[in-house]
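Residue-level structure breakdown
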Amino acid sequence: MAQRFKSVVVLLLLFQVVIRGVLIFHAGPMTDQDYYGDDSFMSHKFAQNIAEGKGITQAGTVNNGFQPLFVFLMVPFFWFFDPLQATIASAVMNSFFSIAGSWFMFLLVRRLTNERAGVIALALWSFSPHLTRIGLNGLETSLANMLAIVVLLVHLKSVDTLTKWSHARSAGLGLLMGLSLLARLDVGLLLLPLGIHQIIVRIRHWQHPQLFTLLVVAALTIAPWFLWSQVACGSWIPHSGEATRTVSQLYGSPTGPTRVANYFPLGEVPSSYYTNNLVHAAKHLINNAPLNLPVATVMGEHSPAAIIWLVVLIGLGALSMGDNRKQALCDVTRIWYAWVFCGLLVAVYCFYYFAQWHFWRYLSPVTILLLIPSAICVNAITAKSLIASRVGKSVSVIIVLAGLACSIIGHSNLVQSREAHGIAYNLYHDAINLNEFFEPSARIGSFESGTLDYFSGRVIYNLDGKTNVYALEALKQKSMHELVDELQLDYVISSPPLIRDLLIARGNWRRGTLERIKPTNADGTPVFAHNWVFKINRTHAIRPN
């Protein structure tokens, strides 16, 4: 690395460390930050159960409803920390993966183009509050994104120096590919075109033995988990994806559970729903594009000015490239498999798995890979201005300082926008209040079971199907009344929209079966800030045939 870039790279990495440190430690456990969602604590609970010798279970039932590599990495936390401390530890680990991912992105862009473009990609990542937020969601996102970038980088190196690749190096790439798939199944959409490219190139250069080594190691890396899933859970992959699709269809809304849902029958998805998903995905990607930081900071994340801004920058970049446009295009298309991956990922979430309210993390690999053309574009503009005159150099410095200012403002907003009593905060306190309100023998179910199960210390039965295949079938068949009876639940506790749309509407309830109770504190405030509580009078419930 050129000496003039070393200090810049170090400063950018330190900037990320400081920003993430402030976000993690400024208010204590992640329940107080509202960065973690209910699914985050579901993964934490699996790790806790494994650490405590309860096996890979949820509510006492063997289950594969999580991404294994991230959960297994969290298991040691529960040998040393309590649940609240473990959330901080997992945030630190996620931050490490996020920062490491930015470093590997620098290496990838540098290999594709040049060192200046690599530094720009690192700066765009470091300055982005959106990518910082993605790295602090308590899930496998930052780990999977980092490994996907590493796989791209190592694959590119292997193609460039194919004749020098030994069996050991090929085995290393196979191991990385297997681990990336265990980090998140979505990465399989990258491994498919990348693997095809690897096979074609190696066969063309008579690298059959090395190819065999790569494929065998990759298969051996993933085989134990998938075989265990099939034998223990009856499915190669988690049912959580299908559960997400089912719940998404039941709402038919791009914003998730709302007071007024746009219903349509399962299996009868209207074309307008697919169109809305695609439009929503496009808006998300435009609003959170790496080049859109100034507009997002000054005018808000959903400003129409984002499109104009991006068009202007791309136009300036194309003009600045001049005769180098063809080379820039070659640099981008050289990793065509990455763009195929982006297209497949958008298609899968727009046309099959849905869950539009999670697009911000589901589509994060696309946002991150857009750093590559973004860095090439900015590199062309800055290179042109630097060559042109001293004024150009001054303008470039001003642009960098303005980007840094926007980043600090955006990250400050990320800290300050945290509601004093956000969803995670309220769910956490509802979990604590469970033990004070419900009798010890009470059997409780929830459509948001992650937080309640993790922090209450009690068994909370999952009802949204993510970690309970029987709940998934009950949602599909409108037989929640039968599931509640089979589980012998005494109470169901969840947010109002979920109670309305997934409990009441998806069951055939006799009058008197569901009784809403409204516990209050001594001062008259509700005991449960986020959730409604329904008592189940099982003597009235319809029994299964």
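Refer to the preceding data block for the structure.
Before going into details, it helps to say that this report is about the structure given with it. Per chain, the residues get numbers from 1 upward, laid out in the order the sequence is written. Predicted model: local features are reported for residues with pLDDT of at least 70 only, side-chain atom pairs are reported and counted for 80 or more only, and whole-chain, interface and lining totals are derived from all residues. Remark: hydrogens and water are excluded; side-chain values derive from all non-hydrogen atoms of the structure.

**Here we look at helix 23 (residues 449–456)**
Applicable threshold: Exposed residues in this analysis have more than 50% of their type's maximum accessible area, buried residues have under 20%, and partly exposed residues fall in between, with area computed by a 1.4 Å probe over protein chains only. Under the scheme used here, helices are H or I runs from DSSP no shorter than 4 residues and strands are E runs no shorter than 2 residues, and both carry numbers assigned from the N terminus.
The buried fraction of helix 23 amounts to eight of the eight residues, a majority that puts the element mostly inside the structure. Taken residue by residue, helix 23 has Ser449, Gly450, Thr451, Leu452, Asp453, Tyr454, Phe455 and Ser456 as its buried positions. Just beyond helix 23, the residue with positive phi is Gly457, at close to 75 degrees.

**Things to note about the packing of aromatic side chains**
To keep it simple, the criterion reads: Each aromatic pair joins two rings of Phe, Tyr and Trp (for Trp, the six-membered one) with centres within 6.5 Å, and gets the label stacked for planes under 30 degrees apart, edge-to-face for over 60, and tilted for any other angle. In our convention, an over-ring charge means Lys NZ or Arg CZ found within 6 Å of a ring centre and within 35 degrees of that ring's normal.
The tally for this structure, following the rule as stated, stands at 27 aromatic pairs. The interplanar angle of 90 degrees and the centroid separation of 6.1 Å between the aromatic rings of Phe78 and Tyr454 together place this pair among those described as edge-to-face. Residue Phe78 is found in helix 4 (residues 77–80), and its partner Tyr454 is found in helix 23; the two are separated by 376 residues along the sequence. On the accessibility criterion, Phe78 (12% relative accessible area) is buried. Taking relative accessible area as the criterion, Tyr454 reaches 2% and is therefore assigned buried. Look at Tyr349 and Tyr353: their rings are 6.2 Å apart centre to centre, the planes differ by 45 degrees, and that puts the pair in the tilted class. The structure contains a cluster of three or more aromatic residues connected by ring pairs, namely Tyr36, Phe41, Phe78, Tyr428, Tyr454 and Phe455. Lying across the ring of Tyr352, Arg245 places its NZ or CZ 4.3 Å from the centre.

**Observations regarding the sheet that holds strand 5 (residues 491–494)**
As a reminder of what qualifies: Note on pairing: two strands pair once DSSP finds at least 2 bridges between them. Here an angle of 0 to 180 degrees is reported between the N-to-C directions of two axes, which are lines fitted to C-alpha atoms, with helices fitted over the stretch in contact.
Ordered in space as 4-3-5-7-6, the five strands form an open sheet in which the pairing is mixed. The open sheet has two edge strands with one neighbour each: strand 4 (460–462) and strand 6 (514–517). Across the sheet, the axes of successive neighbouring strands diverge by a mean angle of 30 degrees, strand direction being ignored. Sheet topology note: the strand 3 (residues 444–446)/strand 5 ladder contains two bridges and is parallel. What sits directly across from Gly445, in strand 5, is Val492.

**A few points about a nonpolar patch on the surface**
The criterion, for reference: Patch construction takes residues with relative accessible area above 30% that form no salt bridge. Like charges are linked within 9 Å, and nonpolar side chains (Val, Leu, Ile, Met, Phe, Trp, Tyr) are linked within 5 Å. Surface accessibility in these figures is a Shrake-Rupley result with a 1.4 Å probe; residues are shielded only by whichever protein chains are displayed. A carboxyl oxygen of Asp or Glu within 4 Å of a side-chain nitrogen of Lys or Arg is what we treat as a salt bridge.
Taken together, the side chains of Leu192, Ile196, Ile200, Trp336, Val340 and Leu344 define a hydrophobic patch exposed on the protein surface, amounting to about 490 Å² of accessible area. Secondary structure elements with two or more residues in the nonpolar patch: helix 10 (188–204) and helix 17 (336–351). With respect to the helices and strands, the residue Trp336 is situated in helix 17. Take Trp336: its relative accessible area is 36%, and that puts it in the partly exposed class.

**A closer look at the packing of helix 12 (residues 240–251) against helix 26 (residues 496–504)**
Two numbers describe a pair of packed helices, the interaxial angle and the distance between the axes. Defined as follows: Comment on the angle field: the value is read as roughly parallel under 35 degrees, roughly antiparallel over 145, roughly perpendicular from 65 to 115, and oblique elsewhere. Here, residues are in contact when the closest pair of their heavy atoms is within 4.5 Å. Note that Gly is not counted as nonpolar here; it falls among the polar residues with everything else outside the nonpolar set of Ala, Val, Leu, Ile, Met, Phe, Trp, Tyr, Cys and Pro and the charged set of Asp, Glu, Lys and Arg.
One way to put it is that helix 12 packs onto helix 26 with a least axis distance of 11 Å and a crossing angle of 95 degrees. In this view, helix 12 runs roughly perpendicular relative to helix 26, as classed from their interaxial angle. Residues Val247, Leu250 and Tyr251 of helix 12 touch helix 26, and the partners they reach there are Pro497, Leu498, Arg500, Asp501 and Leu502. Across the contact of helix 12 with helix 26, the residue classes tally to six nonpolar, no polar and two charged.

**Structural notes on the nonpolar core**
For soluble globular proteins, the rule of thumb is that nonpolar side chains tend to be buried together. In plain terms, the rule: What makes a nonpolar core is a set of buried Ala, Val, Leu, Ile, Met, Phe, Trp, Tyr and Cys residues whose side-chain atoms join them at distances within 4.5 Å.
Formed by 123 residues in total, the largest nonpolar core has its most connected members in Met105, Leu108 and Ile372. Not counting residues within four places of it along the chain, the set of residues in contact with Met105 comprises Ala121, Trp125, Ile149, Ile368, Leu369, Leu371 and Ile372. Formed by 23 residues, the second largest nonpolar core is a distinct cluster that contains Val247, Tyr461, Leu498 and Trp509.

**Concerning empty space enclosed by the protein**
Condition: Grid points spaced at 1 Å and placed over the protein atoms alone form the basis of the search, with a cavity being a set where a 1.4 Å probe fits but cannot get out and a pocket an open set showing protein on both sides within 12 Å along at least five of seven lines. Lining residues have an atom within 4 Å of a point. Grid points are joined across faces, edges and corners, and a volume is the space filled by probe spheres set on the points.
Inspection of the entire model under this criterion finds four cavities of 30 Å³ or more. Its volume calculated, the largest cavity comes out at about 80 Å³. Lining of the largest cavity is provided by Thr141, Ala144, Asn145, Ala148, Arg184, Asp186, Val187, Phe341, Arg361, Tyr362, Ser364 and Pro365. At the level of secondary structure, the elements contributing two or more residues to the lining of the largest cavity comprise helix 8 (141–160), helix 18 (359–362) and helix 19 (364–369). When residues in the lining of the largest cavity are grouped by element, the largest group, four residues, is from helix 8. Of the residues assigned to the lining of the largest cavity, the class counts are six nonpolar, three polar and three charged. The volume enclosed by the second largest cavity comes to roughly 50 Å³.

**Examining the side chain of Ser456**
Rules: In the analysis that follows, any N or O atom pair within 3.5 Å is treated as a polar contact, provided that within protein one partner can donate a hydrogen and the other can accept it, and provided that, for residues neighboring in sequence, both atoms belong to side chains.
Mapped onto the fold, Ser456 is located in helix 23. A polar contact of 2.5 Å, which involves the side chain of Ser456, links it to the backbone oxygen of Leu452. A polar side-chain atom of Ser456 sits 3.1 Å from the main-chain amide nitrogen of Arg458. Leave out the neighbours within four places in its chain, and Ser456 touches Ala431, Leu434, Asn435 and Thr451.

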